[in-house]
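# Breakdown of the fold
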Amino acid sequence: YISFAIPCYNSQDYMAHAIESILPGGEDIEIIIVNDGSKDRTSEIAHEYMEKYPTIIKVVDKENGGHGEAVNTGIKNATGLYFKVVDSDDCLGKNALKQVLDLLEKMVEEDAGLDMLITDFLYDKVGQKHKKVMRYKRSMPVGKMFTWDDVKFGKSQYLLMHSVIYRTKVLRESGMVLPKHTFYVDNIYVFQPLPYVKNIYYLDVVLYKYFIGRDDQSVQQDIMIKRIDQQIRVNKLMADAFHNCQFDSKHLKKYMLSYLDIITTVSSIMLVRAGTQE
């Protein structure tokens, strides 16, 4: 029913946790481990898992192209009807995964035409006992199929890569190709395919556990300032995608404009913080 892509770059220390959290899906899932030119034991660990679970896991070894290129490779190799990215330092909740698979099975059997499934996610921040859960139940109907006209996002709420499962066909039809060697491409991933999404379903379960707080993470402010050129590249690609859209729903247009607004604000603040002439 669903392909999970795990982009891996020098992930030997934590990738097993991500893989093990998805394996309970059994034969209903496919796991594609994309080794993005790692220099450590990532490929070796991936192949060990593939030998152990040959009907579930496949490994793609490729030269380094960055996170976006690894996601592109995952989409290209996916055979599942649905698709989700799980970063190698994150994991999924076992009970939530079962509920998601049960729902997808039902949707496929009924030929319901589901294009996107939204679930909640959890921020697991280093050193913090309290884990913050991001829920969407104030923004959309729970437990039934709906369209963009039923979605009411607040100013500060928007979809993240962690919260979406796309129909694989939607990703391919959208023509989305994430840029190589560029951080922050997850924003393009949850933006460009949206006009191709007609039917949406929200399941109020915490599927994704997003680990935050490693020193080398791309969302740390000083690292964002250092990579401001990549933030601006992503910002521009999103603006271009928006201008090329044919909108069937004014609610979707409003949401995408609001999201572009947020990303542009982040770019502006980082530039101000950088204090350079730019």
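Residues numbered from 1 in each chain as written. Predicted model: local features only at pLDDT ≥ 70, side-chain atom pairs only at ≥ 80, totals over all residues. Heavy atoms only, no water.

## What to know about the overall build of the protein chain
The helix and strand tally for the protein chain stands at nine helices and ten strands. In summary, the protein chain has a C-alpha radius of gyration of 18 Å against a globular reference of 19 Å for 278 residues, a match within 12%. In the protein chain, buried positions account for 52% of the 278 residues. Considering only contacts within the protein chain whose residues lie at least 6 apart along the sequence, 78% involve residues at least 24 apart. The averaged location of the 37 negative side-chain charges in the protein chain is 7 Å from the averaged location of its 35 positive side-chain charges. (Helix = DSSP H or I, 4+ residues; strand = E, 2+ residues; numbered from the N terminus. Rg over C-alpha atoms; globule rule 2.2 N^0.38 Å. Buried < 20%, exposed > 50% of the residue type's maximum accessible area, 1.4 Å probe, protein only. Contact = heavy atoms within 4.5 Å. Lys, Arg positive; Asp, Glu negative; His and termini not counted. Charge placed at Lys NZ, Arg CZ, Asp CG, Glu CD.)

## Comments concerning unusual backbone geometry
The phi angle at H181 is positive, at roughly 45 degrees, despite the residue not being glycine. Mapped onto the fold, H181 is located in the loop between α5 (168-173) and α6 (186-189). Classification of H181 by relative accessible area gives partly exposed; the value is 44%. Look at Y184: it is not a glycine, yet its phi comes out positive at around 70 degrees. If you trace the backbone, Y184 turns up in the loop between α5 and α6.

## Brief notes about the nonpolar core
Grouped together as the largest cluster of nonpolar side chains are 89 residues, with contacts concentrated most on M116, L159, Y166 and Y189. The biggest single contributor to this core is strand β10 (residues 200-212), with nine residues. Not counting residues up to four positions away in its chain, the partners in contact with M116 are W148, L159, V164, I165, Y166, L194, V197, N199, I200 and Y201. (Core = buried A, V, L, I, M, F, W, Y, C linked by side-chain atoms within 4.5 Å.)

## Things to note about the pairing of strand β3 (residues 57-62)
Pairing of strand β2 (residues 29-36) with β3 involves six bridges; the strand directions are parallel. The partner of N35 across the bridge, within β3, is D61. Where the polypeptide runs from β2 across helix α2 (residues 42-52) and back to β3, its parallel neighbour, the crossover connection is right-handed. (Pairing = 2+ DSSP bridges. Right-handed = clockwise from strand over helix to strand, strands pointing away.)

## Some details on the pattern of salt bridges
Scanning the model with the defined rule gives twelve salt bridges in all. E30 is paired through a salt bridge with K58; the nearest N and O atoms lie 3.3 Å apart. Of this pair, E30 sits in strand β2 while K58 is found in strand β3, placing the two residues 28 residues apart along the sequence. Judged by its relative accessible area of 12%, E30 is buried. You can call K58 partly exposed: its relative accessible area is 25%. A salt bridge links K137 to D204; the shortest N-O distance between them is 3.7 Å. One end of the pair, K137, is in the loop between β7 (132-134) and β8 (145-146); the other, D204, is in strand β10, and 67 residues separate them in sequence. (Salt bridge = Lys/Arg side-chain N within 4 Å of Asp/Glu carboxyl O.)

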